[in-house]
Amino acid sequence: MLCARRLGGLRAGLRVRRVSTRWSPVGAAFTVQPQGRRLDRSGERGGLFGVPELSAPEGFRVAQEKALRKTEQLVRRVCTTPPGPWTVLIFDELSDSLCRVADLADFVKIAHPEVAFREAAEEACRSIGTMVEKLNTNVELYQSLQRLLADKKLVDSLDPETRRVAELFMFDFEISGIHLDREKRKRAVDLNVKILDLSSAFLMGTHFPNTIGKHLLPERIRHHFELAGDHVVVDSLRAEAPDDLVREAAYKIFLYPNAGQLKRLEELLSSRDLLAKLVGYPTYSHRALQGTIAQSPETVMEFLEKLSDKLSERTMKDFEMIRGMKMKLNPQNSELMPWDPPYYSGLIRAERFNIEPSLYCPFFSLGACMEGLSLLFNRLLGVSLYGEQPAKGEVWSEDVRKLAVVHESEGLLGYIYCDFFQRADKPHQDCHFTIRGGRLKEDGDYQLPVVVLMLNLPQSSRNLPTLLTPGMMENLFHEMGHAMHSMLGRTRYQHVTGTRCPTDFAEVPSILMEYFANDYRVVHQFARHYQTGQSLPRNMVSRLCESKKVCAAADMQLQVFYAALDQIYHGKHPLQSSTTDILRDTQERFYGLPYVPNTAWQLRFSHLVGYGAKYYSYLMSRAVASMVWRECFRQDPFNRAAGERYRREMLAHGGGREPMLMVQGMLQKCPSIDDFVNTLVSDLDLDFETFLMDST
């Protein structure tokens, strides 16, 4: 409740942080060759992220004990203070004291190269989690907030952001069942614990490899898989393998149902449903969607069904095109199967548009891309990125870069730590972590936000800088969209800072950045050949953009299928049939390619944990981002007035305003479900590059 990880506007009265002589151009920070070595631990050193206690793993215990002591003081304070706007401020400070340890520990436990740090962070997460559970069941704490919200005169006197934050805290309390009687409250606590355990176990199971006796595989394809004695180990779908039989074998083996994982999923879905009903919701989906853009599962299903209907004819054409390519290369086995589209659609793109990544990489050096981002942010928002030398002990690997985010008039806005490079034992994922949320402190100063961006880029060498494929470049822009959401929010409360907002809104800023990354006018500003200085030719950008539309309807249809499956699993219980039968029926209804007997893709659907009942968010966020791009930036991607409006209406509020109100403020209208659907479908057709070339 108090430390919810949700994926900010105050300006007047904030103290401006002046320019520092320690800052250097952002491109230079990424042209120095990273070493990827562990840091020198000798001599006096500071702590991770500048937290003094975290100079050694043992410091996590000191930090958590300090946070827990402060928490106890704040609980006593809020419970003995008459209700008023200060009640919300104390709750937020309580939330901040826990989140500053828990959020940091959440990152360190998966990303730090040293086992001792990871284990200490894991223990800190458990300790803080126990305290959060204790607070969730603290009736006196709950009643202190209830007294505020029950007083209509007091509520009417609150500003909109304070009122919303108070209601969010109350929502967090009530979904934990604190308003129930003692017996039901205990049941809710037990269910929450069970759900956490099942989620963790299911998530681990989604990545666990399957094995099969090697004698069961044709000898000619065994070498494509890891061998373990007399067994073959299959740890992925091998979706890009050229050999049809390799892809088929990987699909059937990797997705073969595991009884233990199946039981975990069934118990997870059932437990979520029981908890939702216990705290007053008809389904888990109704509980999960409160406060989102969509608002209800009925709206989500309307969105998915309408989108599916609009895509249907296009998807069938895509499947025919893919089937034609398969027949051309493998006339003896031309039936289109679920393991075929990724590989054959890639071949079609390459054949039609010649988009071999190696042709593009020389134009996308990491330093140039970072300079391009800084230039874009400067022209749109008056914000620049600068490299800053971290103190000893501040970062966890020598190749981590620290960026200061600086506004031309407001000064320093916050820090981004860039953990961009591959290293042993580092999770292979691109993501954004909030380390510290922004908030207005009691002394009038503003607590600067701190985030980490994690990518997995290749290391540079003595003669070669880090070069990005077009996909890597787009991912960099995407993740930087999340980071700027965190930096540019200026919420009063850290509980709603930056990306701590509803999931179907949190992805809008990041997806919007993908549109900038695919606009020649933006790319032209930074894409230079690292040796010759030649600009990336315009026709290469055009080919790249057009290639992404090849089989895009089928790709989107697959996402609709996943989102619909997620909604059904989290809808009315008991489920009408097994999760596998539901998968089969939903696949046939929303995708079109046949279900393969004795497979259970849902057991690999890791998003069911973090995005339970919310997988649709990717599609709805893309629709909103596309509408913002078309209405505000397509004509001029450097439009400063549009950029300022974007910050004022969308980025500044974090989760402190209803998401649809932010969308309405930006678009100057209230979009309908039909608007979302039509926008997504028209994206498949509209030739942005042709439009731009014809209009210039």
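Only a predicted model underlies this, so the values are computations on that prediction, with no experimental measurement involved.

The secondary structure content of the protein chain amounts to 28 helices and 11 strands. Computed over the C-alpha atoms, the radius of gyration of the protein chain is 26 Å, within 12% of the 26 Å expected from 2.2 N^0.38 for a compact globule of 696 residues. Expressed as lengths along the three principal axes of its C-alpha atoms, the size of the protein chain is roughly 80 × 60 × 55 Å. By residue count, 58% of the 696 residues in the protein chain fall in the buried class. With the model as given, the accessible surface of the protein chain reaches about 28900 Å², and the carbon-plus-sulfur share is 52%. The centroid of the 86 positive side-chain charges in the protein chain is displaced by 3 Å from the centroid of its 87 negative side-chain charges.

The next thing to look at is the packing of helix H12 (residues 297–329) against helix H27 (residues 673–683). Two numbers describe how H12 lies on H27: the axes approach to 10 Å, and their chain directions differ by 35°. As H12 packs across H27, the resulting crossing turns out to be right-handed. Counted together, Thr-299, Glu-302, Phe-303, Lys-306, Leu-307, Lys-310, Leu-311 and Arg-314 of H12 and Ile-673, Asp-674, Phe-676, Val-677, Asn-678, Leu-680 and Val-681 of H27 form the full contact between these two elements. The residue inventory of the contact of H12 with H27, partitioned by class, reads eight nonpolar, two polar and five charged.

Let us now look at the sheet that holds strand S11 (residues 450–457). Overall, mixed pairing links the six strands, which are arranged S1-S5-S6-S7-S11-S8 in an open sheet. Of all strands in the sheet, those with a lone pairing partner are strand S1 (23–25) and strand S8 (431–436), marking the two edges. Pairs of neighbouring strands in the sheet enclose a mean axial angle of 35°, with direction left out of account. With six bridges connecting them, strand S7 (residues 411–421) and S11 associate as parallel partners. Pairing of Tyr-415 across the sheet is with Val-450, part of S11. With respect to the sheet, helix H16 (residues 470–488) is in contact with strand S5 (383–388), strand S6 (401–407), S7, S8 and S11, its orientation differing from that of S11 by roughly 175°.

Of note, Thr-81 is situated in the loop between helix H2 (59–80) and helix H3 (85–111). Residues Thr-81 and Ser-626 lie 545 residues apart in sequence; the distance between their C-alpha atoms is 47 Å. In contact with Thr-81, not counting residues within four places along its chain, are Trp-86 and Ile-90. One polar contact links the side chain of Thr-81 to the main-chain carbonyl oxygen of Arg-77, over a distance of 2.5 Å.

Helix H10 (residues 259–278) packs onto helix H8 (residues 182–207) with a crossing angle of 150° between their chain directions and a minimal axis gap of 9 Å. For the element pair H8 / H10, the angle class is roughly antiparallel. As for how H8 packs across H10, the hand of that crossing is left-handed. For the contact of H8 with H10, a count of residues per class yields 11 nonpolar, six polar and six charged.

Cis geometry is adopted by the peptide bond preceding Pro-574, which originates at His-573 and carries an omega value of 0°. Locating Pro-574 in the fold gives a position in the loop between helix H21 (552–569) and helix H22 (579–590). Residues other than glycine seldom take positive phi values, yet Phe-49 does so here, at roughly 55°. Here Phe-49 shows up in the loop between helix H1 (26–29) and H2.

Further remarks concern the pattern of salt bridges. This model, assessed by the stated rule, comprises 45 salt bridges. Close ionic contact of Asp-106 with Lys-109 constitutes a salt bridge, the shortest N to O distance being 3.4 Å. Here Asp-106 pairs with Lys-109, and both are found in helix H3, just three residues apart, close to one helical turn. A salt bridge links Glu-649 to Arg-657; its shortest N-O distance comes to 3.9 Å.

This part is about helix H7 (residues 160–174). With 15 residues, H7 extends 21 Å between its outermost C-alpha atoms, agreeing within 8% with the 21 Å of an ideal straight helix rising 1.5 Å per residue. Counting buried positions along H7 yields 11 of 15 residues, so the element is predominantly enclosed. Taken together, the buried positions of H7 are Glu-161, Thr-162, Arg-164, Val-165, Ala-166, Leu-168, Phe-169, Met-170, Phe-171, Asp-172 and Phe-173. Its buried side turned inward, H7 meets H3, helix H4 (115–136), helix H5 (139–150), helix H11 (284–288) and helix H26 (659–667). Where H7 starts, the residue carrying a side-chain oxygen 3.1 Å from the main-chain nitrogen of Glu-161 turns out to be Asp-159.

If you check UniProt for "domain: Peptidase M3A/M3B catalytic" (unreviewed entry), the listed places come out as residues 239–680 in our numbering. As annotated, residues 239–680 has a helix share of 52% and a strand share of 10%, and its two end C-alpha atoms lie 26 Å apart.

Attention now moves to empty space enclosed by the protein. In this model, the largest cavity occupies a volume close to 90 Å³. Forming the boundary of the largest cavity are Phe-377, Leu-380, Leu-381, Gly-481, Met-484, Pro-509, Leu-512, Met-513, Phe-516, Tyr-646 and Leu-651. Looking at the lining of the largest cavity, the elements that each hand over two or more residues are helix H15 (366–381), H16, helix H18 (508–517) and helix H25 (640–651). Partitioning the lining of the largest cavity into residue classes produces 10 nonpolar, one polar and no charged. Lining the second largest cavity are Phe-364, Met-473, Ala-517, Asn-518, Val-523, Leu-536, Val-541, Leu-544 and Cys-545. Top contributing element to the lining of the second largest cavity by residue count: helix H20 (residues 538–547), with three residues.

Rules of the game
Residues numbered from 1 in each chain as written. Predicted model: local features only at pLDDT ≥ 70, side-chain atom pairs only at ≥ 80, totals over all residues. Heavy atoms only, no water. Helix = DSSP H or I, 4+ residues; strand = E, 2+ residues; numbered from the N terminus. Rg over C-alpha atoms; globule rule 2.2 N^0.38 Å. Buried < 20%, exposed > 50% of the residue type's maximum accessible area, 1.4 Å probe, protein only. Areas by Shrake-Rupley, 256 points an atom, 1.4 Å probe, with all protein chains shown as cover. Lys, Arg positive; Asp, Glu negative; His and termini not counted. Charge placed at Lys NZ, Arg CZ, Asp CG, Glu CD. Axes fitted to C-alpha atoms, helices over the stretch in contact; angles between N-to-C directions. Left-handed = near helix turned anticlockwise from the far one by under 90°. Contact = heavy atoms within 4.5 Å. Nonpolar A, V, L, I, M, F, W, Y, C, P; charged D, E, K, R; others polar. Pairing = 2+ DSSP bridges. Polar contact = N/O pair within 3.5 Å; in protein donor to acceptor, adjacent residues only side chain to side chain. Parallel < 35°, antiparallel > 145°, perpendicular 65-115°, else oblique. Salt bridge = Lys/Arg side-chain N within 4 Å of Asp/Glu carboxyl O. Expected span 1.5 Å × (residues − 1). UniProt positions renumbered as here; feature names shortened; annotations may be inferred. 1 Å grid on protein atoms, 1.4 Å probe; cavity = no way out; pocket = protein on both sides within 12 Å on 5 of 7 lines; lining within 4 Å. Points joined across faces, edges and corners; volume = space filled by probe spheres on them.

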